[in-house]
Amino acid sequence: MMFGFLRRKLRLAYLRKKPPTPSSRRNLSPDLEANLAAFRRKLGASPDLIIRRLRLGPETGIAGALLMIGGLTDQQVVNRDIIRPLMNEMKQAKGKGTEDLLDYLADKVVVIGEVRREPQFEQALDLLLQGDTILLLDGEEEALVFTTQGWKTRSIQEPESEQIIRGPHEGFTEDLRTNTALLRRKITNPGLQFEETKIGRRTQTTVALAYLRGVVNEKLVKEVRTRLKRVNIDQILDANYLVEFISDAPFSIFPTITYTERPDVAAAKLLEGRVAILVDGTPMVNTVPTLWVESFQSPDDYNFSFHYATLIRMLRYLSFFLAVFSPAIFVALASYHQELLPTPLLVTLSGATEGTPFPIVVEMIMMGAFFEILREAGIRIARPVGSTISIVGALVIGEAAVSAGLVGGPTIIVVALTAITSFVVPRQVTAGIVLRLTYTLLAGMLGAYGILIGMLFTLLHLASLRSFGVPYLSPLAPSTAADLKDVLVRVPIWAMGTRPRLIGWPRPQRQPVGFDQVVEEEREGANGADG
Amino acid sequence: MDQGKISPWQLTLLVMSFTIGNWIVLPAGTEAWQNLWLIMILALGEGLVFAYLSLLLFRRFPGKTLFEIFALVFGSVGGKFLSLLFLWFFLQTGAAALMIFVTLLKTTIFTATPDMALLVPWMLIVIYGCRRGIEVIARSNEPLIIATIVLLFISVLLVLNILDPANLLPLFNLPLSDALWISVGIAVFPFGQNVLFLMILPRVNRRQKVTGAVLKGMIGAGGYLLLIQFLTVGVVGKVGEIYVFPSYEFYRMIDIARVLTRLELIPLLNFMTMGFIKIMLCLYALAVGTAQVFNLRTYRPLVFPLGALLLIAAFRFAPSISQHLRFVEEVNPYFGLFYSVFLPLLTLGVALVRGWLRRRVTS
Amino acid sequence: MGRTADQGGRNRPFSKGGLRLLMILLLIPLLGGCWDLRELDSLALVFGMGLDLGPQGDGYRLTFEIVRARQIQTPGPGGSGGGGGQRNPYWLLQATGPTVFEAVRNATLQSSRRLFLSHTQVFIIGEELAKAGISPALDFIIRDHEPRIVKWLLLTPDEPKQVLAVEPGLEQITAVAIADLIQNYGITSKIKPVRVVDYLETRMHKTSANTLPIIRIKETAGKKELIIDRTGVIKGDKLVGYLDPKETRGLLWVQDEVDGGVVTVDAPGGEGKATMELFNADTKLTVEGNEHGIQVRIEVKVRSGLGAQTTSVDLSTTNQIERLEKRQAEVIREEIGAALTKARDLKADIFGFGEYLYRHDHRRWKGLESEWERYFVGAEVDVSVEVMVEEVGLITKPTIYRAPEGG
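(A) The arrangement of the overall build of chain B in detail. The number of helices and strands found in chain B is 11 helices and 2 strands. By the compact-globule yardstick of 21 Å for 363 residues, chain B fits well, its C-alpha radius of gyration being 20 Å. Taking the principal axes of the C-alpha coordinates as reference, chain B spans close to 75 × 45 × 35 Å. Residues classed as buried in chain B amount to 54% of the 363 residues present. Within chain B, residue pairs in contact and separated by at least 24 positions form 84% of the contacts whose partners lie at least 6 positions apart.

(B) How the structure looks around the interface of chain B and chain C. On the side of chain C, 20 residues touch chain B, which itself brings 28 residues to the contact. Of all the elements in the fold, those that place two or more residues in the side of chain B that touches chain C are helix 3 (66-108), helix 4 (115-132) and helix 5 (134-159) of chain B. Split by residue class, the side of chain B that touches chain C holds 14 nonpolar, 9 polar and 5 charged.

(C) Inspection of the environment of G378(C) at higher detail. Residue and element names in this part refer to chain C. By the element assignment, G378 lies in the loop between helix 13 (372-377) and strand 13 (380-391). Using a count of 11 C-beta atoms within 10 Å as the deciding quantity, one classes G378 as exposed. Taking C-alpha positions, G378 is 33 Å from A137, a pair spaced 241 residues apart along the chain.

(D) How the structure looks around the sheet that holds strand 10 (residues 285-288) of chain A. Residue and element names in this part refer to chain A. Strand order in the open sheet formed by 5 strands is 6-7-9-10-8, with antiparallel pairing between adjacent strands. Of all the strands in the sheet, the pair left with one neighbour each is strand 6 (192-199) and strand 8 (258-260). If you compare each strand with its neighbour and ignore which way they point, the axes differ by 25 degrees on average. Helix 6 (residues 176-186) contacts strand 6, strand 7 (205-212), strand 9 (275-279) and strand 10 of the sheet and is inclined by roughly 10 degrees relative to strand 7. Helix 9 (residues 263-271) rests against strand 7, strand 8, strand 9 and strand 10 of the sheet, and its axis sits at about 55 degrees to strand 7.

(E) Representation of the environment of V215(A) within the structure. Residue and element names in this part refer to chain A. Within the fold, V215 resides in the loop between strand 7 and helix 7 (218-229). On the basis of neighbour counts, which here come to 25 C-beta atoms within 10 Å, the residue V215 falls in the buried class. It is 29 Å that separates the C-alpha atoms of V215 and P426, two residues lying 211 residues apart in sequence.

(F) Molecular detail of helix 12 (residues 343-353) of chain A. Residue and element names in this part refer to chain A. When you tally the buried positions in helix 12, you get 8 out of 11 residues, the bulk of the element. Those residues of helix 12 that fall on the buried side of the exposure criterion are T343, L346, V347, L349, S350, G351, A352 and T353. In the stretch just after helix 12, G355 is the one whose phi turns positive, near 90 degrees.

(G) Broad picture of the packing of helix 1 (residues 8-20) of chain B against helix 7 (residues 210-236) of chain B. Residues and elements named next belong to chain B. In the contact formed by helix 1 and helix 7, the axes pass within 8 Å of each other and the chain directions differ by 35 degrees. Where helix 1 crosses over helix 7, the handedness of that crossing is right-handed. Between helix 1 and helix 7, the residues in contact are P8, L11, T12, L13, V15, M16, T19 and I20 and V210, A213, V214, K216, G217, M218, G220, A221, Y224 and L225, respectively. Class assignment for the residues of the contact of helix 1 with helix 7 results in 13 nonpolar, 4 polar and 1 charged.

(H) Region of interest: the interface of chain A and chain C. Taken together, the 26 residues of chain A in the interface contact 25 residues of chain C. Secondary structure elements with two or more residues in the side of chain A that touches chain C: helix 11 (306-335), helix 12 and helix 16 (429-464) of chain A. Looking at the side of chain A that touches chain C element by element, the count peaks at 7 residues for helix 12 of chain A.

(I) Inspection of unusual backbone geometry at higher detail. At the junction of V288(A) and P289(A), the peptide bond is cis and its omega measures out at -10 degrees in the coordinates. You can see P289(A) is positioned in the loop between strand 10 and helix 10 (300-303). Omega for the bond connecting F189(B) with P190(B) falls within 30 degrees of zero, at 20 degrees, which places this linkage in the cis form. Note on placement: P190(B) falls in the loop between helix 6 (176-188) and helix 7. You will see that Q204(A), though not glycine, has its phi angle at about 45 degrees, which is positive. Mapped onto the secondary structure, Q204(A) falls in the loop between strand 6 and strand 7. On the neighbour-count criterion, Q204(A) (14 C-beta atoms within 10 Å) is partly exposed. For D256(C), which is not glycine, the phi dihedral falls at a positive 60 degrees. Owing to 14 C-beta atoms within 10 Å, D256(C) belongs among the partly exposed residues under this scheme.

(J) The arrangement of the sheet that holds strand 10 (residues 262-266) of chain C in detail. All names here are of chain C. The strand order across the open sheet formed by 4 strands is 10-11-12-13, and the pairing between neighbours is mixed. With partners counted over all chains shown, the strands left at the sheet margins are strand 10 and strand 13, one partner each. With direction set aside, neighbouring strand axes in the sheet form an average angle of 35 degrees. Alignment of strand 11 (residues 273-290) against strand 12 (residues 293-309), held across 16 bridges, turns out to be antiparallel. Paired with N290 across the bridge in strand 12 is G293. Contacting strand 11 and strand 12, helix 11 (residues 353-360) runs over the sheet at an angle of about 50 degrees to strand 11.

Rules and cut-offs
Residues numbered from 1 in each chain as written. Chains lettered and ligands numbered in written order. Predicted model: local features only at pLDDT ≥ 70, side-chain atom pairs only at ≥ 80, totals over all residues. Helix = DSSP H or I, 4+ residues; strand = E, 2+ residues; numbered from the N terminus. Rg over C-alpha atoms; globule rule 2.2 N^0.38 Å. Buried ≥ 20, exposed ≤ 12 C-beta atoms within 10 Å, placed from the backbone. Contact = placed C-beta atoms within 7 Å. Nonpolar A, V, L, I, M, F, W, Y, C, P; charged D, E, K, R; others polar. Pairing = 2+ DSSP bridges. Axes fitted to C-alpha atoms, helices over the stretch in contact; angles between N-to-C directions. Left-handed = near helix turned anticlockwise from the far one by under 90°.

Here it is, written out as structure tokens:
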């Protein structure tokens, strides 16, 4: 009994450490039936494995079979461009002579865009599972693989979490090829490179790196490649699985790798010299390196006038500040620094909190938690009821809590303010919540001094973070004056002459500054590799 | 030791924060009240001269920290002895600064809180920052010092309606000898304390810019402190003489249209951030210095125990504000002169002499 | 502990031991509790503070006016102003002690809440205490971090408690009403509002004497009201005399503290009065000294306008305006003269002549300092007043205008 426990633990440890068995590198056999049996065995007699037998050549001809996975292939293409030509060939029964049969079929018969010869069983199986069609012929040691992918994907729509008012409304989908195509459409430049690898032992998910050659720092690309190679994981179901592996600071609450679902955003980042990571099966595209100030930028900023954009951007910083600090400030003022409140306010506040049973710290945390619960419930609830719940919850319950004397009116106001402002900067929401809670607790313990301590700790932490070699707080902390043009303000587009210094330094100049520049005649040409 | 690199601009900002540090809450030389800002100009000049001496030392031994220079000039034993002396200086400076801020907190806000509850979080943050290296300290400092400067400008605007230039008179009612003595006191505290930076200068990535950066920082800080003193006297008047923390009282008096009033917490917190930077730098110098004295590979593991030491030292050096005031008035000028002027000068002198001797031998 | 990101390593913050130690350290503040945390409903907000001598003539007796926050709430169904079963928005608390600080602490024995002094608007000192010496009473107010020194200071001949108990007119708390009163009076240049810090400032000049407005209770037809109509002169630290309203105004003229207000003169060329509204007043004070004494020059420049008249004469002609100006100047000169006389009687330099000399000619001041009283009393004072009447309001002739006899 005891030993059973020990044994299980040891076995668990052993299994954890055991390296995965390498896949066998077996070739296809010339025997058709053996091959088919092998495929069937590997796939476990799966009902979506379609085996279409046929015969090539006159008389009995050569036995062959087409294998495909139903649902993954474009059936029309398979019927029209593979089966029919093969059938015709069978009818015509031309002599093939010394020509290699497979080559003949590939070059002259089948009308598919991408054709391959595959000698290895595992590879063929892989390709089959990706939606390719495999032609096995009796007597041949290689199979012909036709690219026939045609599954259903979501159509291109604007991502819900990244809506903007003006500008393109396209979003990435779950299909990698669609996504790479969307990027290509934004950047029609031969410098745009993709590198694909498969990650995830069981899921074998295709992961693609994208970068703009000539603009990107080659060392950055190498670093990303290295880190991706290190990923040893069972499954990749979403980009975030990768992110937690390759992140610089996996324990930090601040994201050092950011994501986007929008092609225009991804393209813009590529043009600054960043690297994008696309994962098949998810519309989330990650970009590195990531700076803290990126969370405050939105594509909307560039589609409106720069006056408005600057104001809105400052508003975002203010909102973030409010979202994180307002409960803490309120707690500190009301619990420790009452002398700082203007007298009439203090009297009102006093009257409002008189009779409430809890200290303000507790009130704040309680109502904050309550709000988070509301928010989470609002997401999970079926759509028509969802918005009702939020409004009902907020107004009615808040109001009732005040009337019942459980919390004070000002507390509700502060929580409401916090709630609204926390949505303005979506990418720092998670960090924001943690910070907010920490600061509130610190404020409850040591007042404004506690908040100061927390703030300094956050500042030191942020200052020590790097994202793929770039300090996280640039261009604020190692202050780079030239880069500040897109941080707090948004200078006019014609003034954005340079790329961010630490990221795009291979090619710092975007274009000359000024709005009445004459476009020079192509020298190396806009299609050259000068980006 | 620490691989981080800082830029000359970051150095300038660090020097500024360090100099502003704790002087801003508890200035030296308040006996000269209205004349203080004039005396400060003098003190700044003296301080710049002292700093230049130390910078010459760095020029002569580029890329070496102060302790390494000691070892080169005075030999291994002599060097270690002087290094130990300086370790004491770093400890003293940091502990005094720490005690000032804690006293400030206790007098103004936290009357009932025990010292430890205030000191421990402070030191934890300082230790955290120190361990991260000088780069992180420099980066964190940038927004803090910018905020301080912005606050100054806002303060100027806010006090325009209560500033009474008549408060600044009379000038020159102090005998010259007194004024000189006070100016020396200010020249060593806070300006002279910048000798600490000799431990950090090797980390700057552009060597030639170092001298300019340090001097610029001192001038910037001097200007800032001057302006604050000027405003404080103008607003608070003669009453400021009796106050322990005049600048704090200065901020308590701001009142615009009955709305913008009671704002003193913000400058208070802001001054504290300057104190943080100063103490972080002191601990950093202490840790790096200790590591050099004992020939250690890295200074990191020392930060925590030395931080604890600093905390305890704060208790012991200045258990009461009266003792601290007395120290600043009576002891500090000599103490500071010894470290900021005498020792660097001595080192420079010996180095020059040795170099001259060596040249004579080889020629 | 792990290498930091700065050194190219992953940002692994803590080793196991370090993490544990940190946890322990972080828990330390929680062990003791939050020492300075003051919940709002544990505070007694003191809006007004009265100081007077203790019962046996020594020590201090303090009166606190404390706000009942609940009663101040926005007008509910009960209506405003303590009607029908509602309690008073404030209550008064008294305590005694050998020092002010101890008296404050003794007060907490009677209150269920901790006294919070940061929002005290007015400090009222009883005249008895003023005669014994003010500064010792003020020491606590300056030294402690809670009370703010930019608040008003007043004297009263009555008991401070009675003063704070007077039913406020438009406000809900008496202390607030008093603070507003002071400011209004200041605007009309009837009193010189003095904050604690101003008092201190003057006190620290060795030759200057302080003045404080005096508030008292006036009973008319059974109803109590508060008025401020006199100023107290405090020499050294003790109350030595008074300035009546005219003398007070004179003081304000000399100190360049007149911001507004009215001057009523006899109307030239007829019976009745004319009241001039003061728009702007500037006083230039110069003090010079030599071994024999000091010479003071006071130059007043006033801009005013005709506000109201009771006479039927047309005062808007240039002739009349000139005469108005002359009369105004006379009145002002009289006021200044009255103030000077009283100050000389009391031998108190309430104008700050000494202060001026201290600032502008320090050596001379040092020489005269020891015998300042003598020099002050014997000062040669030269007063010149210049008045300019700029406007006459919306109308020129009064409605009851009658052409003057003989044109």
